[in-house]
Amino acid sequence: MSPWQPVLLSLRVASIATLFTFAVGLFLARAMTRKKRALAGLWEALILMPMVLPPTILGYLLLLFFGKHGPAGIILDRLGSPVIFTWVAAVIASVVVSLPLMYQSCKAALRGVDAQYENAGRTLGLGERRIFRRITLPLAAPGIISGTVLSFARALGEFGATLMVAGNIPGRTQTIPLALYSAVEGGREAEARLLLGVTVALAFVLVLIVGYCERVTFAPAVPGRAAAAPGKAPRGSAAIAPAGAGSGAKAGQGRKGGRR
Amino acid sequence: MIRARFGKRLPALAIEADFRVPESSTTVLWGESGAGKTTILNCIAGLLEPDSGEISIGGCEVYSSERGVNETPQARGVGYVFQQGALFPHLTALDNVALALRGPSPRWPALACGALPALAAMGSGAVGNGAGRAGGAGRAGGAGRGLAALPRQRLSAREARELALPWLERLGIAHLARRRPAALSGGERQRLAFARALAVEPRILLLDEPWSALDRRTRSAMHGEFLALREEFTMSVILVSHDRSEAELLGDRILEVAEGRAVEGA
C-alpha cells in the first residue's frame, strides 16, 4: 500500500467535512446572531459540546447513534448503506468535532460587523437577505475564511472519534493520524517520518492562511500604489469611471500594513 | 411632512417626542450629546421601535402602537445620512450607490396605505410610482434618468452603476467613483453618503450630525453645498445637530432636545 494513501484519504475526508461544516456552521451562526432566540444558551451549549467532550466519548456517542442498533444506523442499514467503519463515518466524525470551531469563528465574525452598515442597507431599501449577502458576509469574510481553515485543520487531525466510528482500516479508513500511530506502533520509521513531514507542511500552510486572513481589513489604501495594478480594478467599473480614477482601483484592500 | 409622537424608554433615558416637520422644511433637532437625538431619528427611520405612539411620513402611518403598525425601515422611504457615513467599506464609491439602486421596487409599499390622494395633493415628487420617480430624476438634473422605465429589481450591476454615476456627478465626486470609502477624505465621504441617501429618492431625509467629524472649513463648505442641494431636493428634512450656529444656518425650525424630550411648543 502506498504511504501516500492516508494523505489522500485525509485530504478527501477533511475537504468534504469542511464543506458541511462551512454550510452548517455559517447557517447556525447567522441564525443565532440575527435575533434573540428562546433557549439560545441551550442550543449554543449543544453546538459547542463536541469542543469540550473527549473525542473518544464523542466517537462512542456517534457509534451508538450510527451503529447497527442506533436510530440512524437502523435506517441506514435498511437503505443498504451502513456508514460505520467506512470513510463516510470519518467524515461524520470530522464534521462533529470541527463544527464548534466553525460556529464560533462565524459567530464572532458576524457579530464583529458594525450594525450601522446593516442599518444603512435597511434605510436604502435592501432586503435582509441581500444585506446579508452583499454587506454582512463580505465584511465578515476574513473571519469566516479563517474559521473554515481552522475547521479543515481540525478535521485533518481528527483521531479519537474517527478511530471509534471508522476504525483503522488501511486503505479504507486510515487517515494520517491513524496511519502515523500505526506506523510508529509497527516500527515503520520511514513511513512515520513521511507522514510527519506532510502534516507539518500542511499545518504550516494553513496557519499562514489564517494569519493572512487576520491581516485583511478595509483599512485606508495608498492611492499611489494602486495605480501600478490597473488590472485589479473592481469588476465592471472600468468602463464607467473616469480615466484618472484608476488611482483608487485597489483602494481599501489595504493588505499591506493593514494590521492596526 | 412628518408627524412623530412617541415614547421610548432606554436604560439611561426616557425619550418623549412630539413634533411635526412641515412639507419641504428642514427641522433641526438641536441638543447636547446624549440628549436622545439619534434615538429619535432611529425611531422615525424604523431602526428602533418606540414603546408607544404614532409616526407618520407623508400622511402614511408607518408606526402606531395602538393599531399594531410597524413598517420596516425598508418600507418607510427614508434617506438616512449616518454620523460616520456608514459607507460600505468593501465597495467602491460607485458601488455604494449602485447597491442602493438594486433594491426592490417600488421601495415603499407603505404608500399603498390609502393616503395616496393626500400625498398627491401635497405634490410630493417622491411617490413610489413611475411618474414620481421621473419627477425625482428631473429634480436631480438628469441624475437617475430612465429610472422610471427600469423596474429596480431587474437592474443588473452594470445598469445600477450607470444610474449611480449621475448621483456621484451631482455631488461632485464622480472622479472618485472607483475609490473605496477609506481612500476618501472626510468631506468626500459625506458627499458620497448624501449621494447614496438621495439616489433612492426618499420621501424624507434624516441627517444625523453628518458633518460633525469634519474640520471647521470643510464643514462650512458642506453647509453651502447642503443649502444648494436643498434648492433641488424639496423633501422634508430632519437634521440632528449639537451646533447652535449650524442649526440656525440650516434649519427652518429648531427644536431643542433635552434629556430625551423633543416636544413642540414645550
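Preceding this paragraph is the structure being described.
Residues numbered from 1 in each chain as written. Chains lettered and ligands numbered in written order. Predicted model: local features only at pLDDT ≥ 70, side-chain atom pairs only at ≥ 80, totals over all residues. Heavy atoms only, no water.

Visitor: Quick question: what am I supposed to make of the overall build of chain A here?
Guide: The helix and strand tally for chain A stands at 11 helices and zero strands. For chain A, the share of sequence-separated contacts (at least 6 apart) that also reach a separation of at least 24 residues comes to 71%. Surface summary for chain A: the accessible area is close to 13,700 Å², and the carbon and sulfur share equals 67%. (Helix = DSSP H or I, 4+ residues; strand = E, 2+ residues; numbered from the N terminus. Contact = heavy atoms within 4.5 Å. Areas by Shrake-Rupley, 256 points an atom, 1.4 Å probe, with all protein chains shown as cover.)

Visitor: Help me understand the sheet that holds strand β5 (residues 60-64) of chain B in this model?
Guide: Paired through backbone hydrogen bonds, the strands of a sheet run either parallel or antiparallel to each other. All names here are of chain B. Reading across from one edge, β6-β5-β4-β1-β2-β11 is the order of the six strands in this open sheet, with mixed pairing throughout. Strand pairing shows two members of the sheet lacking a second neighbour, β6 (69-70) and β11 (261-263), which therefore form its edges. Across eight bridges, the pairing between strand β1 (residues 2-9) and strand β2 (residues 14-21) is antiparallel. By the bridge assignment for β2, Arg5 is matched with Asp18. Here helix α1 (residues 37-45) sits on the sheet in contact with β1, β2, β4 (52-57) and β11, set at roughly 115 degrees to β1. (Pairing = 2+ DSSP bridges. Axes fitted to C-alpha atoms, helices over the stretch in contact; angles between N-to-C directions.)

Visitor: So what exactly am I meant to see when it comes to the sheet that holds strand β7 (residues 78-81) of chain B here?
Guide: Residues and elements named next belong to chain B. In space, the five strands of this open sheet follow the order β7-β8-β9-β3-β10, with parallel pairing throughout. A strand with exactly one partner marks an edge of an open sheet, and here the two such strands are β7 and β10 (253-256). Direction aside, the axes of adjacent strands within the sheet are offset by 20 degrees on average. In the sheet, β7 pairs with strand β8 (residues 204-208) via four bridges, with the strands oriented parallel. Counterpart to Gly79 in the pairing with β8 is Leu205. Contacting β7 and β8, helix α7 (residues 186-199) crosses the sheet at an angle of about 170 degrees to β7. Running over the sheet, helix α8 (residues 216-232) touches β3 (26-30), β8 and β9 (236-241) and is turned about 165 degrees from β9.

Visitor: Teacher, can you tell me more about the pattern of salt bridges here?
Guide: Any two side chains of opposite charge can pair, so long as their charged atoms come close to each other. Residue and element names in this part refer to chain B. The final tally for this structure, using the stated rule, is 17 salt bridges over all chains. For Arg170, the salt bridge identified is with Glu232, shortest N-O distance 2.3 Å. Here Arg170, found in helix α6 (residues 157-170), pairs with Glu232, found in helix α8; they are 62 residues apart in sequence, far enough to count as distant. Among the residues examined, Arg170 registers a relative accessible area of 25% and is labelled partly exposed. (Salt bridge = Lys/Arg side-chain N within 4 Å of Asp/Glu carboxyl O. Buried < 20%, exposed > 50% of the residue type's maximum accessible area, 1.4 Å probe, protein only.)

Visitor: Sorry if this is basic, but what is going on with the side chain of B:Ser236 here?
Guide: Relative to the assigned elements, B:Ser236 resides in strand β9. Among the polar contacts made by the side chain of B:Ser236, one reaches the main-chain amide nitrogen of B:Met1 at a distance of 2.9 Å. (Polar contact = N/O pair within 3.5 Å; in protein donor to acceptor, adjacent residues only side chain to side chain.)

Visitor: Where do I start with helix α2 (residues 40-52) of chain A in this structure?
Guide: Turn by turn, an α-helix covers 3.6 residues, leaving residues three or four places apart pointing in a common direction. All names here are of chain A. Taking 1.5 Å of rise per residue, the 13 residues of α2 would be expected to cover 18 Å, and the 18 Å separating its terminal C-alpha atoms lies within 8% of that figure. The largest bend in α2 is about 35 degrees, located at Leu46, with the proline Pro50 one to four residues further on. Residues of α2 that are buried sit in contact with α1 (5-34), α3 (55-66) and α5 (87-111). (Expected span 1.5 Å × (residues − 1). Bend = angle between axes of the 7 residues up to and from the residue.)

Visitor: I tried to follow the packing of α1(A) against helix α9 (residues 176-185) of chain A on my own but got confused; where do I start?
Guide: Packed helices, taken two at a time, are described by their axes: the angle between them and the distance between them. All names here are of chain A. Contact pair α1 / α9: the axes reach a minimum separation of 8 Å and the direction vectors enclose 155 degrees. It follows from the interaxial angle that α1 and α9 lie roughly antiparallel. Between α1 and α9, the contacting residues are Pro6, Val7 and Ser10 on the first element and Ile176, Pro177 and Ala179 on the second. Class assignment of the residues belonging to the contact of α1 with α9 gives a composition of five nonpolar, one polar and no charged. (Parallel < 35°, antiparallel > 145°, perpendicular 65-115°, else oblique. Nonpolar A, V, L, I, M, F, W, Y, C, P; charged D, E, K, R; others polar.)

Visitor: Is there a simple way to think about helix α3 (residues 93-101) of chain B in this case?
Guide: Burial analysis of α3(B) places nine of its nine residues in the buried class, which makes it a mostly covered element. Among all positions of α3(B), only B:Ala93, B:Leu94, B:Asp95, B:Asn96, B:Val97, B:Ala98, B:Leu99, B:Ala100 and B:Leu101 are buried. Buried residues belonging to α3(B) abut α7 (128-156) of chain A together with α6 and α7 of chain B.

Visitor: Please explain the nonpolar core as it appears in this structure.
Guide: In this structure, B:Phe6, B:Phe19, B:Ile40, B:Ile44, B:Leu206 and B:Ile238 are the most contacted members of the largest nonpolar core, which totals 57 residues. Residues within four places of B:Ile44 in sequence aside, it is in contact with B:Ile2, B:Ala4, B:Phe6, B:Phe19, B:Ile55, B:Ile57, B:Arg76, B:Ile204, B:Leu206 and B:Ile238. (Core = buried A, V, L, I, M, F, W, Y, C linked by side-chain atoms within 4.5 Å.)

Visitor: What am I meant to see in the packing of aromatic side chains here?
Guide: When we look at a pair of aromatic rings, we describe it by the centre distance and by the angle of the planes. Residues and elements named next belong to chain B. Counted under the stated rule, the structure contains seven aromatic pairs over all chains. Their ring planes at 65 degrees and their centres at 5.6 Å tell us that Trp211 and Phe226 sit as a pair that is edge-to-face. Of the two residues, Trp211 sits in the loop between β8 and α8 while Phe226 sits in helix α8, which places them 15 residues apart along the sequence. A single burial state applies to Trp211 and to Phe226, both of which are buried. (Phe/Tyr/Trp six-rings, centres within 6.5 Å; stacked < 30°, edge-to-face > 60°.)

Visitor: Would you mind going over unusual backbone geometry with me for this structure?
Guide: The phi torsion of most residues other than glycine is negative, and most of the peptide bonds are trans. For B:Ser24, which is not glycine, the phi torsion reads 65 degrees and is therefore positive. By relative accessible area, which is 40% here, B:Ser24 ends up partly exposed.

Visitor: Looking at this structure, I do not really get a positive patch on the surface. What am I missing?
Guide: Where like charges cluster on the molecular surface, the positive patch consists of A:Arg34, A:Lys35, A:Arg37, A:Arg129 and A:Arg133. Given a relative accessible area of 37%, A:Arg37 falls into the partly exposed group. (Patch = residues over 30% accessible without salt bridge, like charges linked within 9 Å, V, L, I, M, F, W, Y side chains within 5 Å. Lys, Arg positive; Asp, Glu negative; His and termini not counted. Charge placed at Lys NZ, Arg CZ, Asp CG, Glu CD.)

Visitor: Can you help me understand the pairing of β2(B) in this one?
Guide: On any regular strand, side chains alternate: one points to one face of the sheet, the next to the other face. Because side chains alternate across β2(B), one face comprises the buried residues B:Ile15, B:Ala17, B:Phe19 and B:Val21, and the other comprises B:Ala14, B:Glu16, B:Asp18 and B:Arg20, none of which is buried. The turn joining β1(B) and β2(B), which pair antiparallel and follow one another in sequence, is formed by four residues.

Visitor: I'm lost on the packing of α3(A) against α5(A) in this one. Help?
Guide: Residue and element names in this part refer to chain A. Packing of α3 against α5 leaves a shortest axis separation of 11 Å and a crossing angle of 130 degrees. Here α3 is positioned oblique relative to α5, judged by the angle of their axes. Once α3 is placed against α5, the crossing between them reads as right-handed. In contact with Leu58, Leu62 and Phe66 of α3, α5 contributes Ile92, Ala93, Val96 and Val97. In the contact of α3 with α5, the residues fall into seven nonpolar, no polar and no charged. (Left-handed = near helix turned anticlockwise from the far one by under 90°.)

Visitor: Explain the state of the cysteines to me, please; I cannot follow it from the model alone.
Guide: When the sulfur atoms of two cysteines share a covalent bond, that bond is a disulfide. Evaluation of the coordinates by the stated rule reveals zero disulfides over all chains. In this structure A:Cys213 is a free cysteine whose sulfur lies 12 Å from that of A:Cys106, the closest cysteine sulfur available. Between B:Cys43, a free cysteine, and B:Cys60, which holds the nearest cysteine sulfur, the sulfur-to-sulfur gap is 19 Å. (Disulfide = S-S within 2.5 Å.)

Visitor: Sorry if this is basic, but what is going on with the pairing of β8(B) here?
Guide: All names here are of chain B. Summarising burial for β8: five of the five residues are buried, a large majority. Note: β8 against β9, five bridges, orientation parallel. Within β9, the position partnered with Ile204 by the bridge is Ser236. As for the winding sense of the linkage, the β-α-β connection from β8 through α8 to β9 is right-handed. (Right-handed = clockwise from strand over helix to strand, strands pointing away.)

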